[in-house]
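# Summary of structural features
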Amino acid sequence: MALITYYTKGILTNRNLWFWGVAFMIFWLVLGAYSFAQGLPRQSNILVPYTASWYGTIALYSLSSLAISIAYSIYYASSSLAYSFRYTKLSPLSYAGTLVGSSSILGAILSIIMLVSTYGLFSTRFGLRLTPSNPIEAILISALAGIFMMTLAMFLVLIAVNYVGLQNINLVTFVPLILAYGFGFSQLTTPLPPALLYASPYNAIQSLLFQAYSGLAPPAQLDNASSSLLQWQYLLASLIIWIIMLFLIDSYLLRKIRPRQVEEGRQI
């Protein structure tokens, strides 16, 4: 428990997380409420899905920025983990479990901030109470999303540490955020096959957060209510399967972790 508290506090004090994961995302919410919403009729059946689509997308980006902070924390600890696993009571499984607990808490915190910001900005803009349909569900989904982002970040960093080398660590740590922007914008504006959306953990997170806010089944294309509807059971199952699969791979890679010097990742 002490290690979970240590990691949670450490990441929460990261200024980059607060800027890119919170302030920059609220800036996008301001644009969504006051710039991109020009001409929308003030009808709840239109504004609720619109608001929910912005919450699902921006919360996804915010959660993916969490992966960057987690990736760097794993990267900086990599030089000592190999010795800690060998000469202390710390095991790969307990270390991964610590990050699971920490990332779920951080994911919930980011989700609460995005929920409050979305509700306040969009309700003020349209003069309607655009209250989230199920905020508890949104927070729980975000906790799962935080775990997914952690397992993905750990997987990428451990691949770099064990096999590829640390010369491209800065690029590796930004992969989760890059993927989030790609998949998030695609579902927002492009008709994608439902099979792809079910298979993608990013779109599963985005769609589940949309449903939690709106109370409506998520459409395959979030800005097109007439597109085919997605089933939340399959979306949730996809996300959980990805988490379990990545967690098992991470546990294996942690056992094989090589001692590396942080200086290897410095750019000359």
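Read on for a plain summary of the structure. (Residues numbered from 1 in each chain as written. Predicted model: local features only at pLDDT ≥ 70, side-chain atom pairs only at ≥ 80, totals over all residues. Heavy atoms only, no water.)

## Quick look at the overall build of the protein
- From N to C terminus, the protein includes 9 helices and 0 strands.
- The order of α-helices and β-strands along the protein, N terminus first, is α-α-α-α-α-α-α-α-α.
- Relative to the compact-globule value of 18 Å for 268 residues, the protein shows a C-alpha radius of gyration of 19 Å, a close match.
- Taken across its 268 residues, the protein has 51% of its residues classed as buried.
- Across the protein, the fraction of contacts at a sequence separation of at least 24, relative to all contacts at a separation of at least 6, is 80%.
- Taken as a whole, the protein presents about 12300 Å² of accessible surface, with 67% of it coming from carbon and sulfur.
- Charged side chains of the protein number 12 positive and 5 negative; the gap between the two group centres comes to 8 Å. (Helix = DSSP H or I, 4+ residues; strand = E, 2+ residues; numbered from the N terminus. Rg over C-alpha atoms; globule rule 2.2 N^0.38 Å. Buried < 20%, exposed > 50% of the residue type's maximum accessible area, 1.4 Å probe, protein only. Contact = heavy atoms within 4.5 Å. Areas by Shrake-Rupley, 256 points an atom, 1.4 Å probe, with all protein chains shown as cover. Lys, Arg positive; Asp, Glu negative; His and termini not counted. Charge placed at Lys NZ, Arg CZ, Asp CG, Glu CD.)

## With respect to the environment of Asn134
- Examined against the element boundaries, Asn134 turns out to sit in the loop between α4 (92-126) and α5 (135-164).
- For Asn134, a relative accessible area of 31% gives the class partly exposed.
- As for Asn134 and Leu209, which are separated by 75 residues in sequence, their C-alpha atoms are 9.5 Å apart.
- Among the polar contacts listed, one links the side chain of Asn134 to the backbone nitrogen of Glu137, at a separation of 3.1 Å. (Polar contact = N/O pair within 3.5 Å; in protein donor to acceptor, adjacent residues only side chain to side chain.)

## A look at the environment of Ser102
- Relative to the helices and strands, Ser102 resides in helix α4.
- For the pair formed by Ser102 and Lys9, sequence separation is 93 residues and the distance between their alpha carbons is 9.0 Å.
- Ser102 has contacts with Ile4, Tyr7 and Thr8, leaving out every residue within four places of it along the chain.

## A word on the packing of helix α3 (residues 44-87) against helix α8 (residues 201-214)
- Axis separation between α3 and α8 bottoms out at 8 Å; the angle between their running directions is 140°. Considering the angle they form, α3 stands oblique to α8. Here the hand of the crossing between α3 and α8 comes out right-handed. Between α3, through Val48, Pro49, Thr51, Ala52, Ser53, Tyr55, Gly56, Thr57, Ala59, Leu60 and Leu63, and α8, the contact on the second element is made entirely by Tyr202, Ile205, Gln206, Leu209, Phe210, Tyr213 and Ser214.
- Grouping the constituent residues of the contact of α3 with α8 by class yields 12 nonpolar, 6 polar and no charged. (Axes fitted to C-alpha atoms, helices over the stretch in contact; angles between N-to-C directions. Parallel < 35°, antiparallel > 145°, perpendicular 65-115°, else oblique. Left-handed = near helix turned anticlockwise from the far one by under 90°. Nonpolar A, V, L, I, M, F, W, Y, C, P; charged D, E, K, R; others polar.)

## Looking at α4
- Taking 1.5 Å of rise per residue, the 35 residues of α4 would be expected to cover 51 Å, and the 50 Å separating its terminal C-alpha atoms lies within 8% of that figure.
- Downstream of α4 by one or two residues, Gly127 has phi in the positive range, about 70°. (Expected span 1.5 Å × (residues − 1).)

## Section: the packing of α8 against helix α9 (residues 232-255)
- Between α8 and α9, the least distance of the axes is 9 Å, while the angle of their chain directions is 135°. When the interaxial angle is binned, α8 and α9 end up oblique. With respect to the hand of their crossing, α8 and α9 are arranged in left-handed fashion. On the side of α8, the interface is formed by Pro201, Ala204, Ile205, Ser207, Leu208 and Gln211, while α9 contributes Trp232, Leu235, Leu236, Leu239 and Trp242.
- When grouped by side-chain class, the residues that make up the contact of α8 with α9 number 9 nonpolar, 2 polar and no charged.

## Thoughts on the side chain of Ser123
- Positionally, Ser123 belongs in helix α4.
- On the basis of relative accessibility, which here comes to 11%, the residue Ser123 falls in the buried class.
- Here the side chain of Ser123 touches Tyr119 through a polar contact of 2.7 Å, landing on its backbone oxygen.
- Of the polar contacts made by the side chain of Ser123, one reaches the backbone oxygen of Leu128; its length is 3.2 Å.
- Beyond its immediate sequence surroundings of up to four residues, Ser123 is in contact with Thr118, Leu128, Arg129 and Leu130.

## Here's the deal with the packing of aromatic side chains
- Across all of its chains, the model carries 18 aromatic pairs by this definition.
- Ring geometry for Phe24 and Phe27: centres 6.1 Å apart, planes at 15°, overall stacked. You can see Phe24 and its partner Phe27 sitting in helix α2 (residues 15-34), 3 residues apart, about one turn around the helix.
- Residues Phe85 and Tyr95 carry aromatic rings whose centres are separated by 6.1 Å and whose planes lie at 65° to one another, so their mutual orientation is edge-to-face. With a gap of 10 residues between them, Phe85 in helix α3 and Tyr95 in helix α4 connect regions that are remote in the sequence.
- Overall, Phe85 belongs to the buried group, its relative accessible area being 16%.
- In textbook terms, an aromatic cluster arises when at least three aromatic residues are bridged by ring pairs, as seen for Phe19, Trp20, Phe24, Phe27 and Trp28. (Phe/Tyr/Trp six-rings, centres within 6.5 Å; stacked < 30°, edge-to-face > 60°.)

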